[in-house]
Amino acid sequence: MSNRKEDLHKALPPEPEKPLRDDCCGGGACCPCIWDVYYDKLAKWKEAKQKLESENENQAPNNNTNEPAK
């Protein structure tokens, strides 16, 4: 794994743990439901991951030069 990828994984918090089936009462009266909390945390985690990956790509050296091929 490259140093940039290692840095990315160090900066990214761990992915939220998916609740077990038995963790939910199934009654629909809980506010917020553990599934609502999980999906909210997952969406925020994915957003943070995408942002870090985007920043990492922007910091990568640009090997694309305008020089003609020899």
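In case you missed it, the structure is sitting above this.
In every chain, residue numbers begin from 1 and rise along the written sequence. In view of the model being predicted, local features appear only for residues whose pLDDT reaches at least 70, and side-chain atom pairs are presented and counted only at 80 or more, with totals across whole chains, interfaces and linings using the full set of residues. Only hydrogens and water are removed before side-chain values are computed, so all heavy atoms of the structure are retained for them.

Let us now look at the state of the cysteines. Note on disulfides: each one is a pair of cysteine sulfur atoms within 2.5 Å. Enumeration over the complete set of coordinates arrives at zero disulfides. The thiol of Cys25 is not disulfide-bonded; the next cysteine sulfur, from Cys30, is found 3.6 Å away. With no disulfide partner, Cys33 has as its closest neighbouring cysteine sulfur the one in Cys24, 4.2 Å distant.

Between rings of Phe, Tyr and Trp, where Trp is taken as its six-membered ring, a pair exists when centres lie within 6.5 Å; planes separated by under 30 degrees are stacked, by over 60 edge-to-face, and by other angles tilted. All told, the structure shown has three aromatic pairs when counted by the stated rule. Relative to Tyr38, the ring of Trp35 has its centre 6.0 Å away and its plane inclined at 90 degrees; by these criteria the two rings are edge-to-face. Placement of both Trp35 and Tyr38 in helix H2 (residues 34-59) is noted, with a separation of three residues, approximately one turn of the helix. Each residue gets one of three labels from its accessible area relative to the maximum for its type: buried under 20%, exposed over 50%, partly exposed in between, using a 1.4 Å probe on protein chains only. Look at Trp35 and you get partly exposed, because its relative accessible area is 22%. Put simply, the rings of Trp35, Tyr38 and Tyr39 pair up and form one aromatic cluster. Here a strand is any run of E in DSSP of at least two residues, a helix any run of H or I of at least four, and the numbering for each starts at the N terminus.

Let's shift gears to the pattern of salt bridges. Each salt bridge in this description consists of a side-chain nitrogen of Lys or Arg and a carboxyl oxygen of Asp or Glu lying within 4 Å of one another. Taken as a whole, this structure holds one salt bridge when the rule is applied. Note that Lys44 is salt-bridged to Asp40, the shortest N-O span being 3.4 Å. Here Lys44 pairs with Asp40, and both are found in helix H2, just four residues apart, close to one helical turn. By relative accessible area, Lys44 is classed as exposed at 54%. Residue class for Asp40 comes out partly exposed when judged on its relative accessible area of 40%.

Another point: the environment of Glu17. One can find Glu17 in the loop between helix H1 (3-11) and H2. Taking C-alpha positions, Glu17 is 9.4 Å from Lys41, a pair spaced 24 residues apart along the chain.

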